[in-house]
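Understanding the architecture of this molecule
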Amino acid sequence: MAAITKTTMAAVAATIGMAIVIGSALGFEHIGGYIPCALCLMQRNPYYIGIPLGILAIVSSMLRLPVWITKTLLVAIGLLMVVGAGMGVYHSGVEWQFWEGPASCSITAAGAGATGGDILAQLNEVKGPSCTEATLRVLGLSFAGWNVLTSIALAAIAFWGATRKTA
């Protein structure tokens, strides 16, 4: 049986890491009751794209497909995580009032029990959370701040795996 390569280990670590991050975000939302703002939801997209790419990278490595396939997938994951880190920096800046957030920072949603005639009126009454206020800070960092750190770490793992020489 052949040894597991560093590229395979990086693909597994990055994929598990992305799954843990997105699982944590969903846990805070559905179990903890933290309703995500528009920017929070946008920051999840690199993970939603990256996890399937990570699974493909693992499969391609385990099936011993040409190594460039796995490495290309790892580069794509790394780039997605860099984009995710950038989104987190932007969101953190909005929270710290360094710059203005987008107009979508206050999302609207229909209230419970909406009836046909007053749905449009209720859309304007019920507001989602603002992107400008962190709902929770842990060790001084909001969810967006933690996303920056985890995205950078996951990008580093992916790029490290993509640059390993094959034996």
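Residues numbered from 1 in each chain as written. Predicted model: local features only at pLDDT ≥ 70, side-chain atom pairs only at ≥ 80, totals over all residues. Heavy atoms only, no water.

What follows concerns the overall build of the protein chain. Broken down by element type, the protein chain carries five helices and two strands. Written out in order from the N terminus, the α and β elements of the protein chain read α-α-α-β-α-β-α. When contacts within the protein chain are restricted to residue pairs at least 6 apart in sequence, long-range pairs at least 24 apart make up 73% of them. In the structure as shown, the protein chain presents an accessible area of about 9500 Å², 72% of it carried by carbon and sulfur atoms. (Helix = DSSP H or I, 4+ residues; strand = E, 2+ residues; numbered from the N terminus. Contact = heavy atoms within 4.5 Å. Areas by Shrake-Rupley, 256 points an atom, 1.4 Å probe, with all protein chains shown as cover.)

Before going further, it helps to examine unusual backbone geometry. Unlike most non-glycine residues, Arg 64 shows phi in positive territory, near 60°. In this structure, Arg 64 sits in the loop between helix 2 (38-62) and helix 3 (67-95). Taking relative accessible area as the criterion, Arg 64 reaches 53% and is therefore assigned exposed. (Buried < 20%, exposed > 50% of the residue type's maximum accessible area, 1.4 Å probe, protein only.)

Our next topic: the packing of aromatic side chains. Ring pairs (aromatic) are described by centroid distance and by the angle formed between their planes. Under the defined criterion, the tally for this structure stands at four aromatic pairs. Look at Tyr 34 and Phe 143: their rings are 5.7 Å apart centre to centre, the planes differ by 80°, and that puts the pair in the edge-to-face class. Highlighted residues: Tyr 34 in the loop between helix 1 (6-30) and helix 2 and Phe 143 in helix 5 (residues 143-162), separated in sequence by 109 residues. Pairwise contacts between aromatic rings join Phe 28, Tyr 34 and Phe 143 into one cluster. (Phe/Tyr/Trp six-rings, centres within 6.5 Å; stacked < 30°, edge-to-face > 60°.)

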